Amino acid sequence: MSKFCIFCGNKPENKNKEHIIPQWLSKHTNRFHKVCEFGESVTTAKIPFSALTFPACTKCNDTFGKLEAAVKPILLDLMDSKPLDATQISLLLDWFDKIRVGLWLSELTLSKKVDKIDPKFHINDRLGQKDRVLIIERLQDVGEGLAFVGTNSPLFVEMPSAFALIINDFVFVNASEYGLVSNKLGFPQFRKMQFTTDRNAQILDIGMGRHKTTHPVVSDYNASPTRTLIYQPMFRGVPEYAASKEFTTPYVLNHSLNYDTGTGGIFIQRGDNQIKYLDADKKISLAPRSQHSDRVYQIIQEVFKLQNHILSSRVDIDSGTKLQSAFWRNMIGQNNMLIAAYQKTLARQK
Ligand SMILES: [Zn+2]
């Protein structure tokens, strides 16, 4: 595959192999030797989970091995309806960052786009930098299984903002971007990012927060008994946040898991639309009530919709040149085509 370490992006020292989808998980779901589905963009790739690996430095691999070891019991407890605390949920969100960026780097490499887009953000640079969302749903009567969704869209390849991971009967939709939830959770307001002449450049423009929560937090994701919504504002990726008046407020300090590392607190919506801040000493069960397995086709469409929503709500796509604007509009159009294709699949199922 590629020549860089998936974690630090440098030439791997004492080269090692990292499984993008951890071995314990593909073994747990009985998928280790089975081929993983990448979707339409790389139809030629027939790779079993066991071979979906990236080079990594031994040192980096050891560091991330600790995250993996810590998250395994957390994820298993979650799926066993056992309660988790805010620190455990934050670690779980770190893990989803790791998987999402890992799958993005795989997609870039497998679709041979790695030369076109400089993957300047490796897992180290992406972990815990931006606001995060985790949406948990559960399906009835599905057996063992492991799949990922949404990583094959041209938009995800440009901007790895949202994907879904299906583990047995659980579906996890994970998303991350600057200001994705901060604005609605009372944290400092992130205005839409503007383009510069370098199309990947982002200008962060931040204003004072409203110091209260507002529903809905993310587009049209309402709370329901069959859905758990988890939000975490993150400001680790904001340069010099500790010196800014927007961040040094009692509200931000009182709703942060670790202010010094730019780690916001955990907010949860379950059952009703009330947004609850999870106090550090409290535990909560995240497993929602299960629903008909056909729902999975809608969830897949919602992942592509969410990618479109994140782009258009967080980035001012008309702030650059006409060419830039056309480029991003085309990405949205291609996602709409994927949504329509899944809509047809859904119609056929009925
Ligand atoms: Zn490394």
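Attention here is on the structure that accompanies the text. (Residues numbered from 1 in each chain as written. Predicted model: local features only at pLDDT ≥ 70, side-chain atom pairs only at ≥ 80, totals over all residues. Heavy atoms only, no water.)

Our focus in this paragraph is the pattern of salt bridges. Following the criterion strictly, the structure yields 17 salt bridges and no others. Residue Lys245 pairs with Glu246 through a salt bridge whose shortest N-O separation is 3.2 Å. Given the relative accessible area of 60%, Lys245 is considered exposed. Salt bridges here are not isolated pairs; linked through shared partners, they connect Asp94, Asp97, Arg100 and Arg132. (Salt bridge = Lys/Arg side-chain N within 4 Å of Asp/Glu carboxyl O. Buried < 20%, exposed > 50% of the residue type's maximum accessible area, 1.4 Å probe, protein only.)

With that out of the way, let us pick up the sheet that holds strand S7 (residues 146-149). Sheet architecture is open: seven strands sit in the order S7-S8-S9-S6-S12-S15-S16, paired in antiparallel fashion. Edge positions in the sheet fall to S7 and strand S16 (276-277), since each of these pairs with one other strand and no more. Pairing between S7 and strand S8 (residues 162-167): four bridges, direction antiparallel. Looking at S8, one finds that Phe148 is bridged to Leu165. (Pairing = 2+ DSSP bridges. Helix = DSSP H or I, 4+ residues; strand = E, 2+ residues; numbered from the N terminus.)

On the surface, a cluster of positive charge is made up of Lys3, Lys11, Lys15 and Lys17. Relative to the helices and strands, Lys3 is located in the segment before strand S1 (16-19). (Patch = residues over 30% accessible without salt bridge, like charges linked within 9 Å, V, L, I, M, F, W, Y side chains within 5 Å. Areas by Shrake-Rupley, 256 points an atom, 1.4 Å probe, with all protein chains shown as cover. Lys, Arg positive; Asp, Glu negative; His and termini not counted. Charge placed at Lys NZ, Arg CZ, Asp CG, Glu CD.)

Most often, soluble globular proteins have nonpolar side chains that are buried together. Grouped together as the largest cluster of nonpolar side chains are 56 residues, with contacts concentrated most on Ile21, Trp95, Leu165 and Phe172. With 13 residues, the top contributor of residues to this core is helix H3 (residues 86-110). Residues contacting Phe172, with those up to four places away along its chain left out, are Leu75, Leu78, Met79, Phe96, Leu134, Ile135, Ile136, Phe163, Ala164, Leu165 and Ile167. In terms of nonpolar packing, the next biggest core, distinct from the first, is built from 51 residues, Phe187, Phe247, Val303 and Ile310 among them. (Core = buried A, V, L, I, M, F, W, Y, C linked by side-chain atoms within 4.5 Å. Contact = heavy atoms within 4.5 Å.)

At 2.3 to 2.4 Å from the zinc ion lie its protein donor atoms, namely Cys5 (SG), Cys8 (SG), Cys57 (SG) and Cys60 (SG). In this structure, the zinc ion is coordinated by four donor atoms arranged in tetrahedral fashion, with angles at the metal of 104 to 116°. Mapping the donors of the zinc ion onto the primary sequence yields the spacing C-x2-C-x48-C-x2-C. Residue Cys57 is classed as buried on the basis of its relative accessible area of 6%. A relative accessible area of 13% means that Cys60 is categorised as buried. (Donors = N, O, S within 2.8 Å, 3.2 Å for Na, K, Ca; no water. Tetrahedral: all angles 85-135°; square planar, octahedral: opposite > 155°, others 65-115°.)

Examined bridge by bridge, strand S12 (residues 228-232) and strand S15 (residues 267-270) share four bridges and lie antiparallel to one another. For Ile230, the partnering residue across the bridge sits in S15 and is Ile268. Across two bridges, the pairing between S15 and S16 is antiparallel. Note on S16: the bridge partner recorded for Phe267 is Tyr277.

Our next topic: helix H7 (residues 295-314). Residue pairs three or four apart in sequence face the same way in an α-helix, which turns once every 3.6 residues. In this model, H7 (20 residues) spans 28 Å end to end at C-alpha, consistent with the 28 Å of a helix rising 1.5 Å per residue. Burial of H7 is extensive: 14 of the 20 residues sit out of reach of the surface. (Expected span 1.5 Å × (residues − 1).)

This part is about the packing of aromatic side chains. By convention here, two paired aromatic rings are described through the distance between centres and the angle between planes. Enumeration over the complete set of coordinates arrives at 19 aromatic pairs. With centroids separated by 6.0 Å and ring planes inclined at 15°, the aromatic side chains of Phe195 and Trp328 adopt a geometry described as stacked. Highlighted residues: Phe195 in the loop between strand S10 (189-190) and strand S11 (206-207) and Trp328 in helix H8 (residues 322-349), separated in sequence by 133 residues. On the basis of relative accessibility, which here comes to 11%, the residue Phe195 falls in the buried class. Seen from their ring centres, Phe327 and Trp328 are 5.2 Å apart, and the 85° between their planes marks the pair as edge-to-face. Here the aromatic cluster, defined as three or more aromatic residues joined through ring pairs, consists of Phe187, Phe235, Tyr241, Phe247, Tyr251, Tyr259, Phe267 and Tyr277. We note Lys27 situated over the ring of Phe32; from NZ or CZ to the ring centre the distance is 4.7 Å. (Phe/Tyr/Trp six-rings, centres within 6.5 Å; stacked < 30°, edge-to-face > 60°. Lys NZ or Arg CZ within 6 Å of the ring centre and 35° of its normal.)

Helix length check: helix H2 (residues 58-79) (22 residues) gives 31 Å between terminal C-alpha atoms against 32 Å at 1.5 Å per residue, within 8%. Taking the largest bend as the criterion, H2 deviates by roughly 30°, centred on Val71, and proline Pro73 comes between one and four positions later. When we look at burial in H2, the residues that qualify are Cys60, Asn61, Phe64, Leu67, Glu68, Val71, Ile74, Leu75, Leu78 and Met79. Note on H2: the residue one or two positions beyond its end, Ser81, has a positive phi of about 65°. (Bend = angle between axes of the 7 residues up to and from the residue.)

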